[in-house]
Amino acid sequence: MKPGNLVKGNKRARLLAAALVSVGLLLISPVGLSSRVAPQHWTITINIFPTTITFPAADPDLEPVVAANTPVHIQVTTSPANRRWEVTIRAEGNLVSASGQVIPISTISWRASPNEVFRDGVLAAGQSLVLAQDRGQKEADLSFYFQNSWDYVAGEYAQVITFTASLL
């Protein structure tokens, strides 16, 4: 999906920020255990769809918080099924336009549903944040939100968000 265009108004700019979501997949291969226990093959799989989201252009006076065009569905599966795991979410930097304009990535937050396992949060540039910890198969929808403001220069902005799954 391609981010939409921002439309510049009479005196103020309407803003659209696009956060590109990249899928991070970590497959844990055979792990050696103590000599008394036979080695096992442990794996973790993370499925994420869609891999791109956009925020539609909106008037900050009418929509101070803009929802992304679609939720991101995330599913974590382990083998064996009872293995403990953790998923982190990381914004690789701030939102940046082709012309070099910057919007802090902290203007983007998310809500997880259900959130018994998956946590709500706010993106932080260059920081891996724990999104969830549990055992076995779990899934959730993450709804992303953008804090809209007249202070941002109109344009298309993008950033890569990486999800990493690890066995604990």
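For the structure, see preceding data.
Structural notes, computed from the coordinates. (Residues numbered from 1 in each chain as written. Predicted model: local features only at pLDDT ≥ 70, side-chain atom pairs only at ≥ 80, totals over all residues. Heavy atoms only, no water.)

A closer look at the side chain of D59
Within the secondary structure, D59 sits in the loop between β3 (52-54) and β4 (65-67). For D59, the side chain forms a polar contact with the main-chain nitrogen of D61, separated by 2.7 Å. Those residues in contact with D59 that lie beyond four places of it in its chain are N148 and W150. (Helix = DSSP H or I, 4+ residues; strand = E, 2+ residues; numbered from the N terminus. Polar contact = N/O pair within 3.5 Å; in protein donor to acceptor, adjacent residues only side chain to side chain. Contact = heavy atoms within 4.5 Å.)

Focus: the pattern of salt bridges
On inspection of all chains with the given rule, the structure shows two salt bridges. The partner of E92 in a salt bridge is R90, with the nearest N and O atoms 3.2 Å apart. The closest approach of N and O atoms between D134 and K138, which form a salt bridge, is 3.3 Å. (Salt bridge = Lys/Arg side-chain N within 4 Å of Asp/Glu carboxyl O.)

Structural notes on the environment of P64
Positionally, P64 belongs in the loop between β3 and β4. Its relative accessible area of 46% is what places P64 among the partly exposed residues. Residues P64 and S149, 85 residues apart in the sequence, show an inter-C-alpha distance of 6.8 Å. Discounting residues that sit within four places of it in the chain, P64 has contacts with F146, Q147 and N148. (Buried < 20%, exposed > 50% of the residue type's maximum accessible area, 1.4 Å probe, protein only.)

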